[in-house]
Amino acid sequence: MSSSKGGSSQPNNPPTKKRKLDNNGNKSAARRVARAIPAQLPEVAFENGELNLQPFVAAHEFEIRALEQSMAISKTQGATRAFQKVPRGLRRRAASHNPKRVPKRLRARAQKEKAEDNTPLVTARRRKPTTTTARIRMETAKKLRTLAFRKKTFREKRARAAGARAETLPDKAKQPQRARRPKIRRNALNEPPRPRGRFRKRQKNKIWLPTHMWHAKRARMMSPKEPLWRFAMPLRPNEKIYRPTHRMQGDRGAVVWDMSYMSTIGLYGHPAGMERVLKRIGVTHDSCWNDKGKKWRAGTRSWSGMLSRETKQGRRQSCPATIFWNPAPADRVAVEDLKKDRRQVFLRVHPASFSELFNELLRWCKSETPQLYIEDLRFEIGSIELTGPASTEVLHSVLTPYPVAGEPKSKHAELFASLKGLTNPAALPQNVILGFSIQDPRLRYPPRKQSPAQGEAADMKLLETVSGWPAETALKPYALLDREARHEASQLPTQGLVNRRRSKITPGSFLKPSPIDPAIPIVLLASRSGSSTQAQGKWTLLAPWKCIQPIWYSIVHCPLSTGGNPRFAGLEQTRQVAFERGLPWFPADFPTTDAGVAWELDQRAVRTLKWSRRPKSKRTEWSTVDLGAGRKGELGDGLACDFEYLFGLPRPDDAETQSTEGAMDVEQGQVSQTTATSSSALSALHHVSRKAFLGLARAGEGTALSIPLNALLTVRIRLVTRGTVGPCARIYRLPATPPPVPVASDAEVPATIPPSASTSFPSALPHDLRAQWLAKLPDSTAAGAKDTTRQPRATTPESRRQRIVRELTSKPTPWPSTKSNLRDIGGQHPLCPSSNDLIGFVTTGEFCLSDGRGSAIGSIAVDMVLGGFRADETEGRLCIVRSAGENVGWLARWEAV
Amino acid sequence: MVRIKERYLLVNILYPSDSAQPPKPGLPSHIQLHQPTTDTMTPGSLLRGIKKEVEILYGDYGAGMLNGLQIKYLSLATSTFIIKCSRAMCSMLWSALTFMSRIPNKDGTGKQCIFRVVRVSGTIRKVEEEAIRQSRALIVAAKQEASEAQSSISGITRQTADMQAPAQSHFATVDDSDESMDDADG
């Protein structure tokens, strides 16, 4: 609008100057002026009142200039704020408008913007309380402050009075006090470390990880009111991380987790008793206790597997665990009385099933004579997990073996150093352990980039080390498992002291460990994912709880030779990584464990809440899901992996419908009741391992091998064609071919026959349903049948013309047209089989980046698939998966895991 | 956040040669076609003319829809303007411009002309880029034509120049590239 005004007067004046003139507080006016594009009046385009080339060109040149200038100005004058320029990795959640919270180089700009915009800036100290609670809190804080001040002055006064008397006495307070060793009770749970006063209240019903402060700024944490497994867990980083995690865990780089929430239990006593106890909790594999398990029992290998416990209905899975022995001291004299021998074994389990295992162990330990004892080492030993090709490199740049004067280097430390250039911990012998001491990583902070691999000779050397693996020579007990060593390592000098020491040396050089720097004992566990050596393995670094934080800082700031830093990740990424490697994730994919049941019930509540919060028009109405062939309604509860429906177990819904509607207290009672019933129903599920399933399948029908009641098999499902499925998706087996109908009997009693026949094969479904599904297999010869039903895409004008001709000459479709979804879904997808063919549910499912197609982990009923599997192993592995609330099923192949 | 979606139209005012007023001999045809607008047209009078035309074409409905119209740039020397409208009424505005045949000045004695929409876009930047491109092409074409007219004698070359001339297409390009961005925002 102001174009003609602005341009006519001063065509060459850049608008920036005008903006400055206007910029006295009135920002919108300034912006309007800046956006105006100068233009000329028509007179300039004439030469003596005549049209001519020269003025014409000049006018257009002016226009070009004006427009270019306008574009440049609006670019600089844009509406972005300083905090929007902060790199993604540095973004924080709160108070971005605060100039103090942006990086230094953007601070001046942020200040300017704040002044221009008149952004209100409230500091916590000067904030006025808005709510009643806040006001009361503030008043209390004020009172407490006065009280503290009074107490302090009183104390000082008393000290001054006493000081006059006791000046001559030696000052006791100035002597360095030895820190108290934390109490570790035997056969009892231990307290978490007492947090500093200002953080104590926040950890009332949960425990912070050692790196909590770091994570809380950079990750989405579990809601403080509902801590998961009583820990403040990082769920996922603030950054978008799905694809980066996929790349870092397999292709390039490294992913790290603070896994200090994993619980460690120590079991002490004589080896024979320990063997009995371990067998009781599920370490029953022969390979553990015969010659094959010698290395495990010596303490140079760890064992990972499922633990189980005895119940009335047979053995029940409890949790996956990692178990390793502490090597016996080398100078131990052979003890004659075997019962006097003492060994230690350590169990690392998930916190979800810690108390279950602890109680179980306690029970068995007490029954042994002489008694064994257990220690709860949860807050004594923390851990960090690393995976990805650069994980070994990261460890090499962060962990420096602690030199002890006069002693040779530890064998394990040497072994660790010789792993330089290793890109996959799965390439090591299975489940190896390395235990040695490192120096404080802060002395060498920031860690340096490792030089890349050195050539063929080094590779050969590495191969020799890996194949030889001389870990047994000069084996010593791992210091980490020694209480005294752990306590000493926890007395790290303060960060301030380290900084002061660093300021005295030349910049860029490393600090030398001095007597005040304790050695940090660590244990490194290498493990494979699944059984393959090709897939990326992972490193688990165990260290004293208090040393996790300095190690963590060094790890996340470690520069990689391939560029970048290791990425930290949260709980959701552990699940994603497990999914991409085709492994079930504890506890979600283990519905046959107590922790899995708890997780499933939790998820049901979460899903129901989320569903009920959607507007009615936007949420799935489960009763009207059209499954085709006139079938209406989702099978079971659409928001649950409804194993109750699958096995006909008592449903929690029954209790719910019977109880009356109304008051709050009634509702609460009802909730507790329902959870009790449903958990008991779900805990009737039993697990069948892959090995046991194969045994059952090979045994044939005649043998007496019994399937446990409500037996579930964990499977990995890969979709054969397109499509993805989500959690709670239904798994069907392929429908059976209908039995040929006996003609003669049919003629005699036509009215009474259907019931029995229709239960085994619903008549509404097409008879060739199995063939229709098999035709979906991409490599099958029957694929031609599919093409006839589907119109080929018309790409050329010729084919388009032909298609039109075909359409015109073909018979018109009769009106009214037949009902949709009667013979198939949308004219392309075969119908889903009947509910008789439902075999299980998907617990985790989405598009798998490593497979490049949809994939899922689920649990299926063994008795439903066993028959088909025995008859034909390849077709028996085919299944159909359908997301809850949808009617399109996808053909998939399952394999037991 | 709800984002208000808009369209920017780049419009040229063209003066095709009149049979009553023969063109000046030797003057490049482009200069003739893109001559400056001499009538005293202000942004206000232009808006009024457009509103009148929309009312004729679409009646009260059209007149009611016609809010948020804004002239972002009006250069009479080059007979070009950029107009902003809401996305919903973009086609209405375009058709109204197509039907306008006179410069809408105050007293209604405007010259006969054609309003040609050259570019429609969701952002003003692309429209500005197009205007720059067009101006450049026009300068080159006009210069070339002028030099050819000088060198040759007759108007035969006029035709060839016409054919070679500016790279501008005769259809407006509609740029919807920002659409996806807008939707993601909303």
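Each residue is numbered by its place in its chain's sequence as written, counting from 1. Working convention: letters from A go to chains and numbers from 1 go to ligands, in the order in which they are written. Only residues with pLDDT of at least 70 are given local features in this predicted model, and only at 80 or more are side-chain atom pairs given and counted; all residues enter the totals for whole chains, interfaces and linings. In computing side-chain values, all of the structure's heavy atoms are included and hydrogens and water are not.

Going by an unreviewed UniProt entry, chain B carries the name Ribonuclease P/MRP protein subunit POP5 and comes from Emericellopsis atlantica. Quoted straight from UniProt, the Catalytic activity (unreviewed entry) entry for chain B says "Endonucleolytic cleavage of RNA, removing 5'-extranucleotides from tRNA precursor." UniProt positions are given in the numbering used here, feature names are shortened, and annotations may be inferred rather than shown by experiment. Here chain B is described in UniProt, under the heading Subcellular location (unreviewed entry), as follows: "Nucleus".

An unreviewed UniProt entry annotates chain A as Ribonucleases P/MRP protein subunit POP1-domain-containing protein originating from Emericellopsis atlantica. Taken directly from UniProt, the Subcellular location (unreviewed entry) text for chain A runs: "Nucleus".

J.: How do you make sense of the overall build of chain A when you look at a structure like this?
T.: Under the scheme used here, helices are H or I runs from DSSP no shorter than 4 residues and strands are E runs no shorter than 2 residues, and both carry numbers assigned from the N terminus. Along chain A, the regular secondary structure elements total 32 helices and 24 strands. Exposure is judged per residue with a 1.4 Å probe applied to protein chains only, and the accessible area is read against the type maximum: over 50% gives exposed, under 20% gives buried, and values in between give partly exposed. Here chain A holds 897 residues, and 43% of them are scored as buried. Note on contacts: a residue pair is in contact if any heavy atoms of the two residues lie within 4.5 Å. Nonlocal contacts in chain A, meaning residues at least 24 apart in sequence, comprise 74% of its contacts between residues at least 6 apart. Per-residue and other accessible areas follow the Shrake-Rupley method at a 1.4 Å probe size, with only the shown protein chains counted as cover for residues. Surface exposure of chain A reaches about 49800 Å², of which carbon and sulfur atoms provide 54%.

J.: Explain the UniProt feature "domain: POPLD" (unreviewed entry) in chain A to me, please; I cannot follow it from the model alone.
T.: With numbering aligned to this structure, UniProt lists the feature "domain: POPLD" (unreviewed entry) at residues 538-641 of chain A. The span residues 538-641 of chain A shows a helical share of 38% and a strand share of 13%, and its end C-alpha atoms are spaced 30 Å apart.

J.: When you look at the confidence of the model for chain A in this model, what are you seeing that I'm missing?
T.: It should be kept in mind that the predicted coordinates are not to be read in detail where pLDDT is low. Each residue carries a pLDDT score, the predictor's own confidence in it, on a scale running from 0 to 100. Mean pLDDT over chain A: 83, with 84% of residues reaching 70 or higher. Across residues 1-24 of chain A, confidence stays below pLDDT 50; counting only partners more than four residues off in sequence or on other chains, it has 32 contacts.

J.: How do you make sense of the pairing of strand β14 (residues 538-544) of chain A when you look at a structure like this?
T.: Within a regular strand, side chains alternate between the sheet's two faces. Residues and elements named next belong to chain A. The buried count for β14 comes to six of seven residues, which makes it a mostly enclosed element. What makes two strands pair is DSSP finding at least two bridges between them. Where strand β11 (residues 381-387) and β14 come together, seven bridges link them in antiparallel fashion. Of the residues in β14, the one forming a bridge with I381 is P544. In this structure, strand β13 (residues 520-527) lies alongside β14, joined through five bridges in antiparallel fashion. In the sheet register, L524 faces β14, and the bridge partner there is L541.

J.: Would you take a moment to explain the interface of chain B and chain A for this structure?
T.: Accessible area lost during the coming together of the parts is what is often quoted as the interface size. Of the residues lining the interface, 33 residues belong to chain B; the matching set on chain A comes to 27 residues. Of the roughly 2700 Å² buried where chain B meets chain A, counting both sides, 72% is carbon and sulfur surface. We define a salt bridge as a side-chain nitrogen of Lys or Arg found within 4 Å of a carboxyl oxygen belonging to Asp or Glu. Taken together, the links from chain B to chain A amount to one salt bridge. Here A:E68 ties to B:R136 by a salt bridge, and the two come within 2.8 Å at their closest N and O atoms. As a working definition, buried area equals the accessible area (1.4 Å probe) given up by two parts on being put together, with both sides summed.

J.: Looking at this structure, how should I read the sheet that holds strand β9 (residues 343-349) of chain A?
T.: All names here are of chain A. Pairing in this open sheet of five strands is antiparallel, and the strands run β7-β8-β9-β6-β10 from one edge to the other. Lying at the two open borders of the sheet, with one neighbouring strand each, are β7 (303-311) and β10 (373-376). Going from strand to strand, the sheet's axes swing by 35 degrees on average, the running direction of each strand aside. Across four bridges, strand β6 (residues 263-269) lies against β10 in antiparallel orientation. Bridged to Y268 within β10 is Y373. Axis definition: a line fit to C-alpha positions, over the contact stretch in the case of helices; interaxial angles, taken between N-to-C directions, run 0 to 180 degrees.

J.: Can you help me understand the environment of A:A39 in this one?
T.: Residue and element names in this part refer to chain A. Secondary-structure assignment places A39 in the loop between α3 (27-35) and β1 (46-47). Overall, A39 belongs to the buried group, its relative accessible area being 2%. Once the C-alpha coordinates of A39 and L67 are considered, the two residues, 28 residues apart in sequence, prove to be 9.3 Å apart.

J.: In this structure, what is going on with the pattern of salt bridges? I would like to understand it.
T.: Opposite charge on two side chains lets them pair, provided their charged atoms get close. If you walk through the whole model with that rule in mind, you get 35 salt bridges over all chains. Note that A:E798 is salt-bridged to A:R801, the shortest N-O span being 3.3 Å. Of this pair, A:E798 and A:R801 both sit in helix α30 (residues 797-809), three residues apart, which is roughly one turn of the helix. One salt bridge connects B:R133 with B:E130, and the closest N-O pair in it is separated by 3.1 Å. Of the two residues, B:R133 and B:E130 are both situated in helix α4 (residues 124-151); the distance of three residues between them amounts to about one turn of the helix. Accessibility expressed as a relative area gives 11% for B:E130, which makes it buried.

J.: Sorry if this is basic, but what is going on with the confidence of the model for chain B here?
T.: Per-residue pLDDT for chain B has a mean of 81; in total, 78% of the residues score no lower than 70. The low-confidence segment residues 160-169 of chain B, where pLDDT is below 50, has 17 contacts with residues more than four positions distant or belonging to other chains.

J.: Please explain a nonpolar patch on the surface as it appears in this structure.
T.: Residue and element names in this part refer to chain B. Taken together, the side chains of L57, Y58, Y61 and F99 present a nonpolar region at the surface, about 420 Å² in accessible area. Topologically, Y58 is positioned in helix α2 (residues 43-65). Overall, the relative accessible area of 33% leaves Y58 in the partly exposed class. Candidates for patches are residues over 30% relative accessible area with no salt bridge; among them, like charges are joined within 9 Å and nonpolar side chains (Val, Leu, Ile, Met, Phe, Trp, Tyr) within 5 Å.

J.: Looking at this structure, how should I read the packing of aromatic side chains?
T.: All names here are of chain A. What counts as a ring pair is set by centres within 6.5 Å for rings of Phe, Tyr and Trp (its six-membered ring), and what kind of pair is set by the plane angle: stacked under 30 degrees, edge-to-face over 60, tilted for all other angles. This structure, assessed with the given rule, holds 21 aromatic pairs over all chains. The interplanar angle of 55 degrees and the centroid separation of 6.5 Å between the aromatic rings of F231 and Y261 together place this pair among those described as tilted. Of the two residues, F231 is situated in the loop between β3 (219-221) and β4 (234-237) and Y261 in the loop between β5 (255-258) and β6; the sequence distance between them amounts to 30 residues. Accessibility expressed as a relative area gives 5% for Y261, which makes it buried.

J.: Just to check I follow, could you spell out the packing of α2(B) against helix α3 (residues 90-99) of chain B for this structure?
T.: Relative placement of two packed helices is described by the angle separating their axes and the distance separating the axes. Residues and elements named next belong to chain B. As a packed pair, α2 and α3 sit with axes 8 Å apart at the nearest point and diverge in direction by 150 degrees. Considering their axes alone, α2 and α3 lie roughly antiparallel with respect to each other. With respect to the hand of their crossing, α2 and α3 are arranged in right-handed fashion. Contact residues: α2 offers I50, E53, V54, L57, Y58, Y61, G62 and M65, while α3 offers S91, M92, L93, S95, A96, L97 and F99. Each angle receives one of four descriptions, namely roughly parallel if under 35 degrees, roughly antiparallel if over 145, roughly perpendicular if within 65 to 115, and oblique otherwise. Crossings are sorted by hand: turned counterclockwise from the far helix by less than a right angle, the near helix makes the crossing left-handed, and turned clockwise it makes it right-handed.

J.: What's the story with the side chain of A:E580 in this structure? I'm lost.
T.: Residue and element names in this part refer to chain A. If you trace the backbone, E580 turns up in helix α20 (residues 571-580). Here Asp and Glu are counted as negative and Lys and Arg as positive; His is not counted, and neither are the chain ends. Buried charge without a partner: E580 forms no salt bridge, and the closest opposite charge is R581, 7.1 Å away. N or O atoms closer than or at 3.5 Å make up a polar contact, with two conditions inside protein: a donor-capable atom paired with an acceptor-capable one, and, for residues adjacent in sequence, both atoms drawn from side chains. One polar contact links E580 to H246, side chain to side chain, over a distance of 2.9 Å. If we skip the residues at most four places from it in the chain, E580 touches Y242, H246, Q249, R716, C848, L849 and S850.

J.: Just to check I follow, could you spell out the sheet that holds strand β12 (residues 433-438) of chain A for this structure?
T.: Whenever strands of a sheet pair, they do so through backbone hydrogen bonds, lying parallel or antiparallel. Residue and element names in this part refer to chain A. Taken in spatial order, the six strands line up as β12-β13-β14-β11-β5-β15 in an open sheet, and their pairing is mixed. Both outer strands of the open sheet, β12 and β15 (567-568), are each paired with one neighbouring strand and no more. The sheet strands contacting helix α9 (residues 242-250) are β5, β11 and β15, and the helix crosses β5 at an angle near 105 degrees.

J.: Just checking my understanding: could you explain the environment of B:D39 for this structure?
T.: Checked against the element boundaries, B:D39 lands in the loop between α1 (29-33) and α2. When the C-alpha atoms of B:D39 and B:N105 are compared, they prove to be 6.8 Å apart, with 66 residues separating the residues in sequence.

J.: Please clarify how the nonpolar core should be interpreted in this entry.
T.: A general tendency of soluble globular proteins is for nonpolar side chains to be buried together. All names here are of chain A. In this structure, F643, F693, I717, V881 and W894 are the most contacted members of the largest nonpolar core, which totals 62 residues. Among the elements that make up this core, the one with the highest residue count is strand β19 (residues 711-719) (six residues). Once residues lying within four places of it in the same chain are set aside, the contact partners of V881 are I717, L719, V725, R730, I731, V842, V888, G889, W890 and A892. Grouped together as the second largest cluster of nonpolar side chains are 45 residues, L415, V466, A471 and A526 included. Each nonpolar core is a collection of buried residues, namely Ala, Val, Leu, Ile, Met, Phe, Trp, Tyr and Cys, held together in the definition by side-chain atoms within 4.5 Å.

J.: Can you walk me through unusual backbone geometry in this structure?
T.: For residues other than glycine, phi is negative in most cases, and the peptide bonds are mostly trans. Geometrically, the link from A:T369 to A:P370 is a cis peptide bond, its omega value of -10 degrees lying close to zero. Within the fold, A:P370 resides in the loop between α13 (354-366) and β10. Even without being a glycine, A:W469 presents a positive backbone phi close to 45 degrees. Structurally, A:W469 can be placed in the loop between α16 (456-468) and α17 (483-490). Note on A:W469: relative accessible area 3%, which makes it buried. A positive phi angle is found at B:S79, which is not glycine, with a value near 55 degrees. With respect to the secondary-structure elements, B:S79 resides in the loop between β2 (70-75) and β3 (80-86).

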